[in-house]
Amino acid sequence: MSKTITFHDYQPQIESLKNAVIAGLSKTAKSIPPKYFYDERGSKLFSEICEQPEYYPPMIERTILSNNSDEIAYLTGTDRLVLEPGAGSATKIRLLLEPLQPSAYLPMDISCEYLRYSAAEIVDDFPWLPVHAVCVDFTHSIPLPEAAPDSHKLAFFPGSSIGNFTPHDARAFLDMVRKTINPGGMLLIGVDTKKPTGILNAAYNDAAGITAAFNLNLLHRIRDETEADCNPENFEHQAFYNQQLGRIEMHLISRCRQTLHLNGDEFLLDEGESIHTENSYKYSPEEFIALANKAGLHLVQHWLDEEALFAVYLLKS
Ligand SMILES: C[S@@+](CC[C@H](N)C(=O)[O-])C[C@H]1O[C@@H](n2cnc3c(N)ncnc32)[C@H](O)[C@@H]1O
């Protein structure tokens, strides 16, 4: 069988890490957007996080997808163009490819080298499937290459990546997805639920320290890819559930009073001061369905595990 893989590089309009660091450290409440986690090492560390026993979402989401793959394919029909923004290692889509029989698969990611690697693995294992790997920043656009088949679309957005947006931005992103998949489009999306704080705090503070290494990798990138005199040893990982805002927050906490120099500027960090690196909003099914409705997406079906730790929604426009 012929293997078809095409790469489309939309040169993610990702402002340079240096500019993002300067902008983020100039704020009163310092922050750097989570998309900068994902260089090749960051992508590998994220795959390792997914193997940690405390980090429950991937295992439960995989179980929901594999237990319900036939029903999902029955509801979507076959021969759709399947696109996956932020595909990463593209492991979850594997559970659905045989039942869905897509006309083509479009993994999209900002981490281009990692995308090349995971797209090539898909083609090796599913030689009948045309693959168009799209290197892009999905916060700006979700481009569909002209060479891709013009069939009805199914967007796949697992991993509760929607939780990394604020609810306002999540609605805007869902709106962009709806416009991309119309007409007749569907969205299959995995979303983490609200649950006891102890489970959430343990999930983002795994005993093996992989989430900490992932968070601190941002400082390694800053040290290696900009001329900032940044010492990762001077920071520690912090993650906690903010009950009021319904989100996990990840921070890099300065262990001492220190000054970072970059581009002729000086950035003072007090001992205990934070650089906020990620949010992961949690949604009850009612909250998420209401959010999707506001973006013009309507529930077809949803599935939860027995303990309601994670949910997968099939929506249509
Ligand atoms: C948390 S991982 C999830 C991977 C996969 N979807 C899953 O559920 O296992 C997020 C992925 O999205 C990619 N990503 C993050 N921000 C992105 C952006 N703005 N544009 C494109 N890809 C992005 C990362 O490189 C990474 O591969």
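For the structure, see preceding data.
Predicted model only: the values in this text are computed from it and were never measured.

Enquirer: Tell me about the overall build of the protein, and please be specific about residues and values.
Expert: Within the protein, the secondary structure is distributed over ten helices and 13 strands. Dimensions of the protein, computed from C-alpha atoms along their principal axes, come out at roughly 60 × 40 × 35 Å. The burial tally for the protein puts 54% of its 317 residues in the buried class. In the protein, the proportion of contacts linking residues at least 24 apart, taken out of those at least 6 apart, comes to 71%.

Enquirer: Summarise the nonpolar core; cite the residues concerned and give the values.
Expert: Formed by 65 residues in total, the largest nonpolar core has its most connected members in Ile 93, Leu 96, Tyr 105, Ile 122, Leu 188 and Ile 222. Per-element accounting of this core gives the leading share, six residues, to helix H9 (residues 210-225). Sequence-distant contacts of Leu 96, that is, excluding residues within four places in its chain, are made with Leu 65, Ser 69, Ile 72, Phe 156 and Leu 188. The next biggest cluster of nonpolar side chains, apart from the first, holds 33 residues, and it includes Leu 81, Val 134, Leu 174 and Ala 295.

Enquirer: Pulling in residues and values, what's your account of the packing of aromatic side chains?
Expert: This structure, assessed with the given rule, holds 15 aromatic pairs. Here the aromatic rings of Phe 37 and Tyr 38 are separated by 6.3 Å at their centres, their planes lie at 85 degrees, and the arrangement is edge-to-face. Owing to a relative accessible area of 1%, Phe 37 belongs among the buried residues under this scheme. Taking relative accessible area as the criterion, Tyr 38 reaches 25% and is therefore assigned partly exposed. Three or more aromatic residues joined by ring pairs make a cluster, and in this case those are Phe 37, Tyr 38, Phe 46 and Phe 214. Sitting over the ring of Phe 7, Arg 116 keeps its end group 4.3 Å from the ring centre.

Enquirer: Pulling in residues and values, what's your account of the side chain of Asp 192?
Expert: Mapping Asp 192 onto the fold places it in strand S6 (residues 186-192). You can call Asp 192 buried: its relative accessible area is 0%. When sequence neighbours within four positions are dropped, the list of residues in contact with Asp 192 reads Tyr 56, Pro 57, Ser 160, Leu 200, Tyr 204, Lys 282, Tyr 283, Leu 309 and Phe 310.

Enquirer: Help me get a handle on the site of the ligand, residues and values and all.
Expert: Contacts to the ligand come from 17 residues, most closely from Gly 86, Lys 92, Asp 109, Asp 137 and Phe 138. Between Lys 92 and the ligand, the recorded distance is 2.8 Å, taken from a side-chain N or O atom to an oxygen atom. Side-chain polar atom of Asp 137 to a nitrogen atom of the ligand: 2.8 Å apart, as the coordinates give it. Considering the ligand on its own, with 590 Å² of exposed area, one finds that the protein chains cover 93% of that surface.

Enquirer: Could you give me a rundown of the sheet that holds strand S7 (residues 235-242), with the residues and numbers involved?
Expert: Read from one edge to the other, the open sheet built from three strands follows the order S7-S8-S11, with strand pairing classed as antiparallel. Edge positions in the open sheet fall to S7 and strand S11 (274-281), since each of these has one partner strand only. Taking the axes of each pair of neighbouring strands and ignoring which way they run, one obtains an average angle of 20 degrees across the sheet.

Enquirer: Give me the pairing of strand S3 (residues 104-109): which residues, what numbers.
Expert: Among the six residues of S3, six are classified as buried, and the element is accordingly described as predominantly covered. Neither face of S3 is open: one carries Ala 104, Leu 106 and Met 108, the other Tyr 105, Pro 107 and Asp 109, and all of them are buried. In terms of strand pairing, strand S2 (residues 81-85) meets S3 through five bridges, oriented parallel. Considered in S3, the bridge of Leu 83 is made with Leu 106. Handedness of the crossover is the feature at issue here: the chain leaves S2, passes through helix H5 (residues 94-100), returns alongside S3, and the resulting connection is right-handed. Where S3 and strand S4 (residues 131-135) come together, three bridges link them in parallel fashion. Residue Met 108 lies in a different strand from S4, and its bridge partner there is Val 134. With helix H6 (residues 112-125) bridging S3 and its parallel neighbour S4, the resulting β-α-β unit is right-handed.

Enquirer: Run through the sheet that holds S2, naming residues and quoting values.
Expert: As summarised here, the arrangement of the eight strands in space is S1-S4-S3-S2-S5-S6-S13-S12, forming an open sheet in which the pairing is mixed. Only two strands of the sheet have a single neighbouring strand rather than two, namely strand S1 (5-9) and strand S12 (298-304). Along the sheet, successive strands turn relative to each other by an average axial angle of 20 degrees, direction set aside. On top of the sheet, helix H4 (residues 69-76) reaches strand S5 (153-157), S6, S12 and strand S13 (310-316); it is set at about 175 degrees to S12, its chief contact.

Enquirer: Tell me what's going on with the environment of Pro 58, and back it up with residues and numbers.
Expert: Residue position: Pro 58 is located in helix H3 (residues 57-67). In sequence terms Pro 58 and Ser 69 are eleven residues apart; their C-alpha atoms lie 16 Å from each other. Excluding its chain neighbours within four sequence positions, the residues that come into contact with Pro 58 are Cys 50 and Lys 92.

Enquirer: Summarise helix H2 (residues 40-49); cite the residues concerned and give the values.
Expert: Here H2 has its buried residues at Gly 42, Ser 43, Leu 45 and Ile 49. The arc that holds every buried residue of H2, seen down its axis, measures 160 degrees, which confines them to one face. Those residues of H2 hidden inside the fold are in contact with H6 and H9.

Reading guide: rules and limits
- Residues numbered from 1 in each chain as written.
- Predicted model: local features only at pLDDT ≥ 70, side-chain atom pairs only at ≥ 80, totals over all residues.
- Heavy atoms only, no water.
- Helix = DSSP H or I, 4+ residues; strand = E, 2+ residues; numbered from the N terminus.
- Buried < 20%, exposed > 50% of the residue type's maximum accessible area, 1.4 Å probe, protein only.
- Contact = heavy atoms within 4.5 Å.
- Core = buried A, V, L, I, M, F, W, Y, C linked by side-chain atoms within 4.5 Å.
- Phe/Tyr/Trp six-rings, centres within 6.5 Å; stacked < 30°, edge-to-face > 60°.
- Lys NZ or Arg CZ within 6 Å of the ring centre and 35° of its normal.
- Near = heavy atom within 4 Å.
- Polar contact = N/O pair within 3.5 Å; in protein donor to acceptor, adjacent residues only side chain to side chain.
- Areas by Shrake-Rupley, 256 points an atom, 1.4 Å probe, with all protein chains shown as cover.
- Pairing = 2+ DSSP bridges.
- Axes fitted to C-alpha atoms, helices over the stretch in contact; angles between N-to-C directions.
- Right-handed = clockwise from strand over helix to strand, strands pointing away.
- Arc of directions from axis to C-beta.

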